[in-house]
Every structure is written in structure tokens, then in C-alpha cells.
Amino acid sequence: MNYKSDVLIIGAGGAGLTAALHAKESGASVRVLTKEYPTRSQTCMAQGGMNAALANVSEDSVEAHIANTLKSAHGEADEEAVRFMCSEAINAVEWLDSIGVCFSRTADSKIAQRTLGGASAPRACYAQDYTGLKILHTIYDRCLSQDIEILNEKYLLDILKDESGVVKGAKVLDIRSGDIEIYEASAVILASGGYSRIYDKNSTNSTASTGDGIAAASRAGAKLIDMEFVQFHPTALKNSSILISESARGEGGYLLNSKGKRFTNELAPRDVVSRAINDEINKGEEIFLDIRHLGEELINEGLPQERKLAKLYENVDPVHELIPVRPVAHYTMGGIEVDNKSKTSLDGLYACGECANHRVHGANRLGGNSLLEIVVFGKEAGLNAAKYALETKNAQSELVLEDGFFEEIKECKNEIDFYAKREHVGNMFYKDVGIVRTQEQLKSALLEVKELQASLNLMGVSDKSKVYNTNLVEFIEFKNMLEVCEQVVSSAIKREVSCGAHYIV
Ligand SMILES: Cc1cc2nc3c(=O)[nH]c(=O)nc-3n(C[C@H](O)[C@H](O)[C@H](O)COP(=O)(O)OP(=O)(O)OC[C@H]3O[C@@H](n4cnc5c(N)ncnc54)[C@H](O)[C@@H]3O)c2cc1C
């Protein structure tokens, strides 16, 4: 059965749902698909805040926001795109405020702001440490009130084109029924999130961040750029990799080694702090985040989630105890190349959010700039895709349907356990494609990825049932992850000089 809409959006995180609202307001019919549920998208995990130079608690300016962003990007950002994003930040926060996002307030009722790493002023607007959750749930509410159709547990397999190479839809697995469905659209927007889960458990990310959209875009012929720029967040809980937000350091938290000594500027950009921690760990030190001096009241008011997470996953109460931490993979700056209209190198295909690369983060993203990016460029993707779809919707063309990715997967035998291989790849990437890399490590990682790809035909699913086959979904994710891994290492090998998150010795 074929389903049709003007705009088809893959992904129901902050970027996808923002795009949906703006596409719908432009008059296009819109359908959103997600492999999970909208409110579970990774955006809901964002804690620290969203940057906008509102100057509500001290002096600040859009120029300072631009300068901080460009500095952190190590020359790899597009200045025009950064200028656009930072200039739009104030409108973006005002829009979120107007639709009901409950930002924390100052005593005189202005939106409160806190300092995150690399920022010259308190610039991050926040809702306690539940910022992403409040934003996502509010935008989702808005989509429901606009009757935007959102379909859950629909898994993007491949992007579909017509005979002249123009993107016209997507091939999708209905996870519940096991049926393959075809969705036709005049424009497709990918908003499917990043790829930090290639580091498996060494990542703060949602388990859904497996780079599916990026892999599908690449198979369809879209260009990817800067895939080697993977940001490590300095402070994840040591045993579970769950994030302790930068806002804990923004509020005045310190990093200590086992000797109880501070060893770095806690509010330097993330690449710098992660390397400083990595050096200490290599010297045999354990690393701790100390927020005890902030006091119970401030912690309960500003960092309630961090306290709960530390208690639950590390069995320490940060009001009285040190929090054991280590850096893990957190954000992927690389992704699908897009122009300033969020259009990819393929006609009919747009992208926004963490799967896209608008070149606003360069080699190292500033904390608080991702929530900003998904709102600013989610809007651009929605507006431009809708305009394109409405202009081209009457053009006659036929979808090209051929056997591919999914059919190959069904043929695979189940002789090797791919779950064990996924864990192995995650650990190998953490070691060899991690905070500090050497050319030798990268080359051996590439070899290993290629060997795993060659033996994929022996790693298929053991569960052959049709309905709700999570074993099958996880195998497809693994195949996508290996494609993304290959791109990350190949790009890393080509960049011989250190740059931001790509640090080579
Ligand atoms: C713990 C944590 C804390 C963070 N804190 C902050 C912060 O304080 N400030 C900040 O600016 N940024 C923060 N970030 C980063 C930020 O949250 C993300 O970069 C951003 O939310 C990404 O949004 P997105 O809409 O692009 O993707 P996501 O929210 O990841 O949504 C992706 C969507 O795509 C869907 N999808 C994926 N693959 C498929 C497929 N094959 N088929 C169908 N659907 C698919 C998913 O189901 C999901 O709905 C944080 C990230 C983490 C992990």
C-alpha cells in the first residue's frame, strides 16, 4: 500500500517536530514517522539548556555568541550559518516561550540563564535540568493540536527516488506488523538524530542514535561531511555513561583527581576538558565531579535530575559525595551535508537536527547550541521543504522500487552473534577512534570494520517471526552503524592534522 503526503519527515525529535509545525503552517500536508515514540526521542534527554544572547542576567550580545561558537569550531564552521543561527536564537526562545515551554525564571520573571562551557556569558536558557524534555513535549503538544499525523514504530529502511534521481519517498518497516510500506512525498526531511551509539555503551546517547538516516542518505547518494568530528562529553557517570550535565560545572562544580586536586579549567570547551581528563586517567588517576559546595538547596532547585541520576546509577548523593565520571561519546558534529536552506545534495531531500551538518558546530559544538540548532534549522527545513513540495507536487514521476538493503538482510544466516560484535565495535571505537587517535589505530579500526561488514551475511537474526521483531530491527541498526563507522574512520584517516574533537598524535 502506498501513502502520500507533500512532506514526509523521518524522526520525531525536536528537529523533526519543529520542521513538521512549520511545514504544516506553510500549507503542506505533513506526515511524521518515528521508529520509537515522539516523547522518547533523544531530545528529551537534553538537560543543560539552549543558548540565546538574551542578556537577562548579565551583559551579552549576539556578536559574543557568534565569536564563542566560531572559536570552539576551530575554523571548521560556516560563519554565515553561525551568524544566522545565533541571530535567530532570540526569536527561537521567544517562540518556545510563546507556545508554553516552562523556562526557569529570574526573581524578576525574566527567562533565567546559566553559563555552559566556552561561553563568555550566562547564555543558556533552561527549565531546571529538564530543558530538552520540556521543549520536546511542548512542541509535540503543538503538533497534536495542529492535527499533524505522527506514526510510531515505523522504521526508515531506504530513501526512494524517481527515475531521474529526485527523492520521492521512503521504504519503511512497520515494526508492529512486520510489513514493508511505501511512503510517497514531494519532499522528504531527515531528522533522525546522530550516531554516537556506534560507541555502544561508551555514549550518553539514546539507544536510537544509530545513524540510520545518515546511512540511508549515503546509500541514496547524498554527501556526508566531517564524520570524524565526534564530541566526547567530559562528565558521564563512570559506570553507566549517563550524562551529568555541563550545567553542574556551570553552576560552579569542580573536577578533581584521586589526589583531590583540580587539573583543568572546568568551563573550557568540551574537547579541551575531555582531553585533560583523558590525560589524568592515563596517569592512573580516577576523576570526580565535586558539587558538594553548591549546597542542597541549589542542587535541588537547579540540578534535581543530576542528583537523582547520580544516586540511582552511581549510588552516590552529590550533596555529600563526589561523583565518579569519565568522558564518553556524546554528540556527532558530522552528518548529511546541507546548504543554508537545509537542502541536501539530492533534489527533494532535506535534513535538520543532529543527522544534518549545517556547519554551525565545526569541529567542536558548544553546549546549548544543539537545542538551538534543532529549533532554528528545524524551522528552515520545514519551510523550505514545504515550499519545494508545493511547487513540484504536480510533476509526473514514477518511484523506482528495487530490492536492496532490506532484502539482503533477510538472506543473512545466524552463525555469529551480532550483539557481541556491536559491543566489541563500541569498545574498539572508544579506544582507537576516541578522544586521542593515531593513524595506526584508525587504520586498524577501518580494517576491522571492513572485516565485520564482510561477515555480516553470517550475523543475521535468530528470531524469524514477522510481528514486532526487535531482533531484526537491532540487526538493521547494526548494519547501519557499520556503514557509519566506515565513514567516520575513513574521514578521520584523511584528516591528518588535529582539529577540535579530532585529536591526532
Ligand atoms: C544526555 C544528553 C544531554 C544533552 N543536553 C543538551 C543540552 O543541554 N543542550 C543542547 O543544546 N543539546 C544537548 N544535547 C544534544 C541534543 O539533545 C541533541 O543533539 C538533539 O536533541 C538532537 O535532536 P534531533 O531532533 O536531531 O534528534 P533526536 O531527538 O535524537 O530524534 C531523532 C528521531 O529520529 C527517529 N529515528 C531515528 N532513526 C529512525 C529510523 N530508522 N526510522 C524512523 N525514525 C528514526 C528517532 O526515533 C527520533 O524520533 C544533549 C544530548 C544528550 C544525549
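Predicted model, so just to flag it, every value in this text is computed and none were measured. (Residues numbered from 1 in each chain as written. Predicted model: local features only at pLDDT ≥ 70, side-chain atom pairs only at ≥ 80, totals over all residues. Heavy atoms only, no water.)

Around the ligand lies a shell of 37 residues, among which Thr43, Gly48, Glu354, Ser370 and Leu371 are the nearest. Backbone polar atom of alanine 12 to an oxygen atom of the ligand: 3.0 Å apart, as the coordinates give it. Within the contact set of the ligand, an oxygen atom lies 2.7 Å away from a side-chain nitrogen or oxygen of serine 370. Considering the ligand on its own, with 1000 Å² of exposed area, one finds that the protein chains cover 98% of that surface. Elements represented by at least two residues in the shell around the ligand include exactly helix H1 (14-25), strand E7 (154-161), strand E14 (323-332) and helix H10 (369-392). In terms of residue count, H10 provides more of the shell around the ligand than any other element does, 4 residues in total. (Near = heavy atom within 4 Å. Polar contact = N/O pair within 3.5 Å; in protein donor to acceptor, adjacent residues only side chain to side chain. Areas by Shrake-Rupley, 256 points an atom, 1.4 Å probe, with all protein chains shown as cover. Helix = DSSP H or I, 4+ residues; strand = E, 2+ residues; numbered from the N terminus.)

In the UniProt entry, the feature "domain: FAD-dependent oxidoreductase 2 FAD-binding" (unreviewed entry) is given for residues 6-371. For residues 6-371, the helix share is 29%, the strand share is 22%, and the end-to-end C-alpha distance is 26 Å. (UniProt positions renumbered as here; feature names shortened; annotations may be inferred.)

Its 16 residues place the ends of helix H13 (residues 439-454) 23 Å apart at the C-alpha level, agreeing with the 22 Å of an ideal helix rising 1.5 Å per residue. Along H13, the positions that sit buried rather than exposed are Gln439, Leu442, Ala445, Leu446, Val449 and Leu452. For H13, the arc enclosing every buried residue in end-on projection is 145°, short of the 170-degree limit, so these residues lie on one face. Across H13 from its buried face, at more than 90 degrees, point the exposed residues Glu440, Leu447, Glu451 and Ala454. Structurally, H13 contributes buried residues whose contacts are with helix H12 (418-432) and helix H14 (470-494). (Expected span 1.5 Å × (residues − 1). Buried < 20%, exposed > 50% of the residue type's maximum accessible area, 1.4 Å probe, protein only. Arc of directions from axis to C-beta. Contact = heavy atoms within 4.5 Å.)

Scanning the model with the defined rule gives 9 aromatic pairs in all. Centre to centre, the rings of tyrosine 199 and phenylalanine 232 are 5.5 Å apart; their planes meet at 85°, and the pair counts as edge-to-face. A residue pair is termed long-range when its members are at least 10 positions apart, and tyrosine 199 in the loop between strand E9 (180-190) and helix H5 (212-220) and phenylalanine 232 in strand E11 (residues 230-237) qualify at 33 residues. For the pair formed by tyrosine 199 and phenylalanine 232, the shared burial category is buried. Between phenylalanine 232 and tyrosine 430, the aromatic rings sit 6.1 Å apart at their centres with planes inclined by 50°, giving tilted as the arrangement. Taken together, the residues span a long stretch of sequence, with phenylalanine 232 in strand E11 and tyrosine 430 in helix H12 at a distance of 198 residues. You can call phenylalanine 232 buried: its relative accessible area is 4%. Take tyrosine 430: its relative accessible area is 22%, and that puts it in the partly exposed class. Through pairs of rings, three or more aromatic residues link up here, namely Tyr199, Phe232, Phe429 and Tyr430. (Phe/Tyr/Trp six-rings, centres within 6.5 Å; stacked < 30°, edge-to-face > 60°.)

With that out of the way, let us pick up helix H7 (residues 270-282). End to end, H7 covers 18 Å across 13 residues, agreeing with the expected 18 Å (1.5 Å per residue, within 8%). Backbone geometry just downstream of H7 places glycine 284 in the positive-phi region, at approximately 95°.

Moving on, we get to the nonpolar core. Formed by 69 residues in total, the largest nonpolar core has its most connected members in Ile159, Leu190, Ile198, Ile336, Leu349, Phe429 and Ile476. A per-element tally of this core places H14 first, with 13 residues. When neighbours within four sequence positions are excluded, leucine 190 is seen to be in contact with Ile10, Leu156, Ile159, Gly213, Ala217, Ile336, Leu349, Tyr350, Ala351, Cys352 and Cys355. If you look at the next biggest cluster of nonpolar residues, it comprises 56 residues, including Ile148, Ala191, Ile374 and Val376. (Core = buried A, V, L, I, M, F, W, Y, C linked by side-chain atoms within 4.5 Å.)

This brings us to the UniProt feature "active site" (unreviewed entry) in the protein chain. When the UniProt feature table is mapped to this numbering, "active site" (unreviewed entry) covers Arg270. Tracing the sequence through the fold places arginine 270 in helix H7. When residues no more than four places from it in sequence are discounted, the contact partners of arginine 270 are Gln231, Phe232, His233, Pro234, Glu246, His330, Asn364, Arg365 and Gly367.

Relative to each other, helix H3 (residues 79-99) and H10 sit at 90°, their axes nearing to 9 Å. By the criterion of interaxial angle, the relationship of H3 to H10 is roughly perpendicular. For the pair H3 and H10, contact is made by Ala81, Phe84, Met85, Glu88, Ala89, Ala92, Trp95 and Leu96 and by Asn369, Leu372, Glu373, Val375, Val376, Phe377 and Glu380, respectively. Considering only residue class, the contact of H3 with H10 consists of 11 nonpolar, 1 polar and 3 charged. (Axes fitted to C-alpha atoms, helices over the stretch in contact; angles between N-to-C directions. Parallel < 35°, antiparallel > 145°, perpendicular 65-115°, else oblique. Nonpolar A, V, L, I, M, F, W, Y, C, P; charged D, E, K, R; others polar.)

Now for the pairing of E11. Across the 8 residues that make up E11, a large majority, 8, are buried. Inspection of the sheet shows E11 paired to E14 by 6 bridges, in the antiparallel sense. Pairing of histidine 233 across the sheet is with valine 328, part of E14. (Pairing = 2+ DSSP bridges.)

With that settled, the discussion passes to the sheet that holds E11. Read from one edge of the open sheet, 4 strands run E11-E14-E13-E12, paired in antiparallel fashion. Of all the strands in the sheet, the pair left with one neighbour each is E11 and strand E12 (254-257). Neighbouring strand axes in the sheet, compared pairwise and without regard to direction, differ in orientation by 50° on average.

Moving on to the pattern of salt bridges. Enumeration according to the criterion identifies 37 salt bridges in this entry. For lysine 259, the salt bridge is made with glutamate 285, and the minimal N-O distance between the two is 2.2 Å. One end of the pair, lysine 259, is in the loop between E12 and H7; the other, glutamate 285, is in the loop between H7 and strand E13 (287-290), with 26 residues separating them in the sequence. Overlapping salt bridges bring together Glu76, Asp226, Glu228, Arg359 and Arg495 as one network. (Salt bridge = Lys/Arg side-chain N within 4 Å of Asp/Glu carboxyl O.)

Moving on, we come to the environment of glutamate 477. When you line up the elements, glutamate 477 lands in helix H14. Taking the relative accessible area as the measure of exposure, glutamate 477 reaches 9% and is therefore buried. In the structure, glutamate 477 is positioned 199 residues away from asparagine 278 in sequence and 29 Å away in space, judged by C-alpha atoms. Not counting the four nearest positions on each side in its chain, glutamate 477 is found in contact with Lys35, Tyr155, Thr210 and Asp212.

As for its placement among the helices and strands, asparagine 469 is situated in the loop between H13 and H14. For asparagine 469, a relative accessible area of 4% gives the class buried. Within the local environment of asparagine 469, its side chain forms a polar contact with the backbone oxygen of serine 465, the two atoms lying 2.8 Å apart. Within the structure, the side chain of asparagine 469 is placed 2.9 Å from the backbone nitrogen of leucine 472, a separation counted as a polar contact. Residue contacts for asparagine 469: discarding those within four places in its chain leaves Ile175, Asp463 and Lys464.

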